[in-house]
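Listed below are the residues making up each chain.
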Amino acid sequence: MSQNSIATSEEKKKQENSDEQHSDQENVPESDDSSSSDEEELATEVAKDIVQIPLVNLLICKLLSAKMPEVPAEERGRNKDPLSRPTAPLIEVEPTPDEIFKLHLFMGDYVDRGAQGIEVAMFLLALKIKFPTKVFLLLGNHEDRHTMMAYGFYDECMKRYADSGEEIAEKVFNTFITVFNYLPLSAQIDGVILCMHGGLSPYMTTIDDIDKIQYPCIIPAYGLVCDLVWSDPTVDETRDSWSMSPRGISFNFGPSIVKEEQVGPHRPRASVHQYCDEYKFACKDRVLTVFSAPNYQNQKNDGAMLRISKNHQCRLVILRTTKKKKRQEIEDDCTE
């Protein structure tokens, strides 16, 4: 028997063993354990729909190792401008092959949250180009022209591209706005979990109302689009229905608004709270708010992500900081 025949025979045996293992994994009954569900997901995924563009690949590598922009010493700590505060550099990430086959949903506020909004937004957009069927981006209330001009992203663009001239800096800022105006406002996971940056709206009777929104769209001062990125679940248990938001825009909603026959289990990512709690349940535990940025503005807060298996088992992943400040210390920092 020739060496080629032996090799062919061995390859057939390996293929048969692989097919048997794959068949066994597909026939495993569903388990309540979310980790086993994650393994089932990986077993059924195939390597496809990955766009290979050399420029995008290079951009992702550059952004993963990007360092914090230098802040002049005279501006450092002078005021409460987040751009003048020392912040941590972007984390160098080395994702495993299994990780890229999972679906990732980001729910807004990519800018105005530190000195590297440009890098964060570019990194996420590059991931969307490279993994168009695996990475999904929603619109947040800070992906808006007026908010970005008031909270720092406009200044970040102007400072970063000052050497190129004001016209170029303005063009960069306006290009980001053009892209953000096309981001969707909500996402449904298997028709069971509804996700958006903010929350529900009194202008919405069914989820179909969201599908009627025309793009590109801007965030108005009131209405359905405004509420989807600005409304919050109420923290006052005595308020069961709609109430005006203390933030001066949109509404707060109570448990009676979250009706199973209307929207199903609703899990939005709401606004940033003073202490940046990593997660918070509301509306009789049918609404979940997650805040994914650890050490936000050097407050040593924890972050959180929500992992959802194929049988809709949810598991919170907490992003711990190495050293967490006491709340009194955070209050002192906020009042300085």
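Residues numbered from 1 in each chain as written. Predicted model: local features only at pLDDT ≥ 70, side-chain atom pairs only at ≥ 80, totals over all residues. Heavy atoms only, no water.

Chemist: Is there a simple way to think about the overall build of the protein in this case?
Modeler: Looking only at helices and strands, the protein has eleven helices and eleven strands in total. Per-residue burial over the protein gives 39% buried out of 336 residues. Of the roughly 19800 Å² of accessible surface on the protein, 53% is carried by carbon and sulfur atoms. (Helix = DSSP H or I, 4+ residues; strand = E, 2+ residues; numbered from the N terminus. Buried < 20%, exposed > 50% of the residue type's maximum accessible area, 1.4 Å probe, protein only. Areas by Shrake-Rupley, 256 points an atom, 1.4 Å probe, with all protein chains shown as cover.)

Chemist: Can you walk me through the sheet that holds strand β6 (residues 242-244) in this structure?
Modeler: Adjacent strands of a sheet pair through backbone hydrogen bonds, lying either parallel or antiparallel. Strands sit in the order β5-β7-β6 across an open sheet of three strands; the sheet is mixed. Looking along the sheet, the strands with just one partner apiece sit at the ends: β5 (232-233) and β6. In terms of strand pairing, β6 meets strand β7 (residues 251-253) through three bridges, oriented antiparallel. From the neighbouring strand, Ser243 faces β7, where its bridge partner is Asn252. (Pairing = 2+ DSSP bridges.)

Chemist: Please explain the pairing of strand β11 (residues 314-319) as it appears in this structure.
Modeler: Regular strands place side chains that alternate from one sheet face to the opposite one. As paired strands, strand β10 (residues 303-308) and β11 are joined by six bridges and run antiparallel to one another. Of the residues in β11, the one forming a bridge with Ala304 is Ile318. Adjacent in sequence and paired antiparallel, β10 and β11 are bridged by five residues, among which His312 carries a positive phi angle near 70°.

Chemist: Is there a simple way to explain the confidence of the model for the protein in this structure?
Modeler: Caution applies to low-pLDDT regions: their predicted coordinates should not be interpreted in detail. Averaged over all residues, the pLDDT of the protein is 75; the fraction at 70 or higher stands at 66%. Between residues 1-8, whose pLDDT stays under 50, and residues either more than four places distant or in other chains, the model counts one contact. The low-confidence segment residues 18-46 (pLDDT under 50) makes 28 contacts with residues lying over four places distant or belonging to another chain. (pLDDT = per-residue confidence, 0-100. Contact = heavy atoms within 4.5 Å.)

Chemist: What is the right way to read unusual backbone geometry from this model?
Modeler: Omega for the bond connecting Tyr215 with Pro216 falls within 30 degrees of zero, at 0°, which places this linkage in the cis form. Along the chain, Pro216 turns up in the loop between α8 (208-211) and α9 (224-230). Backbone geometry at Lys284 places phi at a positive 55°, although glycine is not the residue there. Classification of Lys284 as exposed rests on a relative accessible area of 70%.

Chemist: How should helix α6 (residues 153-160) be read in this particular structure?
Modeler: Each turn of an α-helix holds 3.6 residues, which means side chains three or four residues apart point in the same direction. Burial in α6 covers these residues: Phe153, Tyr154, Glu156, Cys157 and Met158. In this structure, the buried side of α6 is in contact with α4 (117-130), α5 (145-151) and α7 (166-180).

Chemist: What should I look at first to understand a nonpolar patch on the surface in this one?
Modeler: There is a patch of nonpolar side chains on the surface, built from Ile53, Leu55 and Ile129 and spanning about 280 Å² of accessible area. Classification of Leu55 by relative accessible area gives exposed; the value is 64%. (Patch = residues over 30% accessible without salt bridge, like charges linked within 9 Å, V, L, I, M, F, W, Y side chains within 5 Å. Salt bridge = Lys/Arg side-chain N within 4 Å of Asp/Glu carboxyl O.)

Chemist: Teacher, can you tell me more about the environment of Ile207 here?
Modeler: The topology assignment puts Ile207 in the loop between β4 (193-196) and α8. Taking the C-alpha atoms as reference points, Ile207 and Ser186, separated by 21 residues in sequence, lie 9.7 Å from one another.

Chemist: How should the packing of α4 against α6 be read in this particular structure?
Modeler: Relative placement of two packed helices is described by the angle separating their axes and the distance separating the axes. Taken N-terminus to C-terminus, the directions of α4 and α6 make an angle of 100°; their axes are 9 Å apart at the nearest point. The angle between α4 and α6 places the two elements in the roughly perpendicular class. Note on element contacts: α6 touches α4 through Phe153, Glu156, Cys157 and Arg160, opposite Gly117, Ile118 and Glu119. A breakdown of the residues in the contact of α4 with α6 according to their chemical character gives three nonpolar, one polar and three charged. (Axes fitted to C-alpha atoms, helices over the stretch in contact; angles between N-to-C directions. Parallel < 35°, antiparallel > 145°, perpendicular 65-115°, else oblique. Nonpolar A, V, L, I, M, F, W, Y, C, P; charged D, E, K, R; others polar.)

Chemist: Looking at this structure, how should I read the packing of aromatic side chains?
Modeler: Pairs of aromatic rings are described using the distance from one ring centre to the other and the angle between the two planes. Evaluated as defined, the whole model comprises seven aromatic pairs. For the ring pair Trp242 and Phe251, a centre distance of 6.0 Å and an interplane angle of 70° mean the geometry is edge-to-face. Ring geometry for Tyr279 versus Phe281: centroids 6.1 Å apart, planes at 80°, classification edge-to-face. For Tyr279, a relative accessible area of 34% translates into the label partly exposed. (Phe/Tyr/Trp six-rings, centres within 6.5 Å; stacked < 30°, edge-to-face > 60°.)

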